[in-house]
Amino acid sequence: HAVETLADELASIDNQLLAARAADMRDVGRRVLSALREEEGEESPSPAGTPDSPVVIVAEDLSPSDTAGLDRERVAGLVTALGGPTSHTAIIARTLGLPAVVALGRDLLDKPASTAIVDGDTGRVWLDPTEEDLSAARERMRTLREREEAERAARMEPGKTADGRIIAVAANVNRPSQVAEAIDMGCEGVGLMRTEFLFLERDTTPTEDEQYEIYRAMLSALGGRPLIVRALDIGGDKRVPHLNLPHEENPFLGVRGVRLLLRRPELLYPQVRALYRAAREGNGLSVMFPMVGTLEEIRRFRAVCEEVRASLDAPRIPLGIMVEVPAAALLAEEYAPEVDFFSIGTNDLTQYTLAVDRGNTKISVLYDGLHPAVLRLMKMTCDAGRKAGIDVGICGEMGGQLEATPLLVGMGFNEISISGKMLPAVKYSISRLNAKACRELLDKAIAANDADAVRKLLQEIKH
Ligand code: PEP
Ligand code: MG
């Protein structure tokens, strides 16, 4: 009863992400009950056994723990009537690399079938497909496997287009313990270390010394490869209870990122000191500031950095900004001479340009980085960076969106920083592209009227 009451409360929340947690709550409840029953000597219902030959599981829904316990060797795919893309079942399936399609609707359960094709990439399922469909699917699986093998084999090559343009491919990594894995996936550095996790995963503010140890460990794990640390980006959806920040009606447009740091010296100074102390000991460190909108913010954070650097007698390090507020992209020509590099944060640039909350699943169809309005701002930023002779990188999720790779190559990014598991695929795509052809494609894309037209153009180029 207690579990059901809590689960019902969660399910009724007007936020899909939180409502989907009801399934997690019921899952925990079921497991606790089954453990209690065993203690009392009652036999617990055994989890459904899966046959030895690989099967596609079709279910109303699966609990996250059932999904996590699936044997990857014996389960070829997963299809559910309920759930959603942000449910933990979907997240776990993604982590397991298991083809999965969720939320197909209850009709699914009334359709008996003995064979199925599950295409997790496009979210499509074929029940009792024809022999012809099956052989086409097998052929596609073979091509995908071959491609993956080729990507893996080439992952340690430096990022370079077919016509020789160098584009460093870096990873977004937050912890020193994750660096080795990223290097093994072929990363050439870390293009974004989000330092919020130092604050979000504990209930006290980390001290200067604690931060210093972590930055130093990052540099040492990277062994001289470049590392861009982003100063704290608290605010928006990243709330830290122990900072006791006042409630805001509109947090994404409120005291977030650099705005908060410049108002809270007790957060800014220890972090900057910790960073410069680490810079005295290891090579490759750069620092960037999030949510920058105005020239005054740039000048103020640079002044703080210089003051701290001089007081510690530390070396100068590149200081850059995230370009994620449309104002910064529009004034990129004016800002470029004031900073050492730009890094475009497409996650926020998309939400602020299109006025679409990045976490609101009800309007997620509107949230699209391929919208020409977003592409134009990105191109303006890249052009301004090139003109001023500074590096321009991208560290938002769009960097790992393979369909967008030709546009990113066309923009002339110096670095693309992405989540580790996408590294081999993105690097491989870059190696098959021609920078000049990508530039021509980009010119057409930014002249398009909508994202659909951009997607159509992207089909012209194979990579
Ligand atoms: C971005 O906005 O694209 C970005 C990389 O920062 P975050 O996702 O942490 O806001
Ligand atoms: Mg951002």
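What counts and how
Residues numbered from 1 in each chain as written. Chains lettered and ligands numbered in written order. Predicted model: local features only at pLDDT ≥ 70, side-chain atom pairs only at ≥ 80, totals over all residues. Heavy atoms only, no water. Helix = DSSP H or I, 4+ residues; strand = E, 2+ residues; numbered from the N terminus. Rg over C-alpha atoms; globule rule 2.2 N^0.38 Å. Buried < 20%, exposed > 50% of the residue type's maximum accessible area, 1.4 Å probe, protein only. Contact = heavy atoms within 4.5 Å. Areas by Shrake-Rupley, 256 points an atom, 1.4 Å probe, with all protein chains shown as cover. Lys, Arg positive; Asp, Glu negative; His and termini not counted. Charge placed at Lys NZ, Arg CZ, Asp CG, Glu CD. Phe/Tyr/Trp six-rings, centres within 6.5 Å; stacked < 30°, edge-to-face > 60°. Lys NZ or Arg CZ within 6 Å of the ring centre and 35° of its normal. Donors = N, O, S within 2.8 Å, 3.2 Å for Na, K, Ca; no water. Pairing = 2+ DSSP bridges. Right-handed = clockwise from strand over helix to strand, strands pointing away. Core = buried A, V, L, I, M, F, W, Y, C linked by side-chain atoms within 4.5 Å. Near = heavy atom within 4 Å. Polar contact = N/O pair within 3.5 Å; in protein donor to acceptor, adjacent residues only side chain to side chain. Nonpolar A, V, L, I, M, F, W, Y, C, P; charged D, E, K, R; others polar.

A.B. asks: Explain the overall build of the protein to me, and be specific about the residues and the numbers.
C.D. replies: A tally of helices and strands in the protein yields 20 helices and 13 strands. For 463 residues, the compact-globule estimate of 2.2 N^0.38 gives 23 Å, and the protein sits close to it at 24 Å. With the C-alpha coordinates of the protein rotated into their principal frame, the extents come out at 70 × 55 × 40 Å. When burial is assessed residue by residue, the protein has 45% of its 463 residues classed as buried. A separation threshold of at least 6 residues defines the contact pool for the protein, and within that pool the share at least 24 residues apart is 62%. When the accessible surface of the protein is totalled, it reaches about 23,300 Å², and 52% of it is carbon and sulfur. Considering the protein, the positive charge centre built from 55 side chains and the negative charge centre built from 71 side chains are found 6 Å apart.

A.B. asks: Can you lay out the packing of aromatic side chains for me, pointing to particular residues and giving the numbers?
C.D. replies: Per the stated rule, a full pass over the model turns up one aromatic pair. With a centroid separation of 3.8 Å and 15° between ring planes, the pair formed by Phe-289 and Phe-301 is classed as stacked. Of the two residues, Phe-289 is situated in strand E9 (residues 285–289) and Phe-301 in helix H12 (residues 295–312); the sequence distance between them amounts to 12 residues. Across the pair, Phe-301 and Phe-289 agree in class, each one buried. Over the aromatic face of Tyr-212 sits the side chain of Arg-277, whose NZ or CZ is 4.2 Å from the ring centroid.

A.B. asks: Pulling in residues and values, what's your account of the coordination of the magnesium ion (ligand 2)?
C.D. replies: Those donors, Glu-324 (OE) and Asp-348 (OD), are the protein atoms that reach the magnesium ion (ligand 2), and they lie 2.0 to 2.1 Å from it. Placement of the pair is Glu-324 in the loop between strand E10 (319–323) and helix H13 (326–330) and Asp-348 in helix H15 (residues 346–354), with a sequence separation of 24 residues. Of the two residues, Glu-324 and Asp-348, neither departs from the other in class, the shared state being buried.

A.B. asks: Before we move on, can you summarise the sheet that holds strand E1 (residues 55–59) with the specific residues and values?
C.D. replies: The strand order across the open sheet formed by three strands is E1-E2-E3, and the pairing between neighbours is parallel. Of all the strands in the sheet, just E1 and strand E3 (100–101) have a single pairing partner and so form its edges. Both strand E2 (residues 75–80) and E3 contribute to a ladder of two bridges, which runs parallel. Paired with Val-79 across the bridge in E3 is Val-101.

A.B. asks: Just give me the short version of the pairing of strand E12 (residues 391–394), but keep the residues and values in it.
C.D. replies: By the bridge criterion, four bridges tie strand E11 (residues 341–344) to E12 in an arrangement that is parallel. Pairing of Ile-344 across the sheet is with Ile-394, part of E12. Of the strand pairs in this sheet, E12 and strand E13 (residues 415–418) are connected by two bridges, and their pairing is parallel. Within E13, the position partnered with Ile-394 by the bridge is Ile-416. In this fold, E12 hands off to helix H17 (residues 405–411), which returns the chain to E13; that crossover is right-handed.

A.B. asks: Which residues make up the nonpolar core, and what values go with them?
C.D. replies: Grouped together as the largest cluster of nonpolar side chains are 99 residues, with contacts concentrated most on Phe-289, Phe-301, Phe-342, Met-378 and Phe-413. With eight residues, the single largest contributor to this core is helix H11 (residues 265–279). Once residues within four sequence positions are removed from consideration, Phe-413 is found in contact with Ile-166, Ile-167, Ile-344, Met-378, Cys-382, Val-392, Gly-393, Ile-394 and Leu-408. Within the second largest apolar cluster, eight residues are counted, among which are Val-75, Leu-78, Ala-93 and Leu-98.

A.B. asks: Explain the site of ligand 1 to me, using residue names and the numbers behind them.
C.D. replies: In the vicinity of ligand 1 there are 15 residues, among which Arg-194, Arg-230, Gly-345, Asn-347 and Arg-358 approach most closely. Between ligand 1 and Arg-230 there is a distance of 2.8 Å, counted from an oxygen atom to a side-chain nitrogen or oxygen. A distance of 2.7 Å is found between an oxygen atom of ligand 1 and a side-chain nitrogen or oxygen belonging to Arg-358. Of all the elements in the fold, those that place two or more residues in the shell around ligand 1 are strand E7 (190–194) and H15. The leading source of residues in the shell around ligand 1 is H15, at three residues. Residue classes in the shell around ligand 1 are distributed as three nonpolar, four polar and eight charged.

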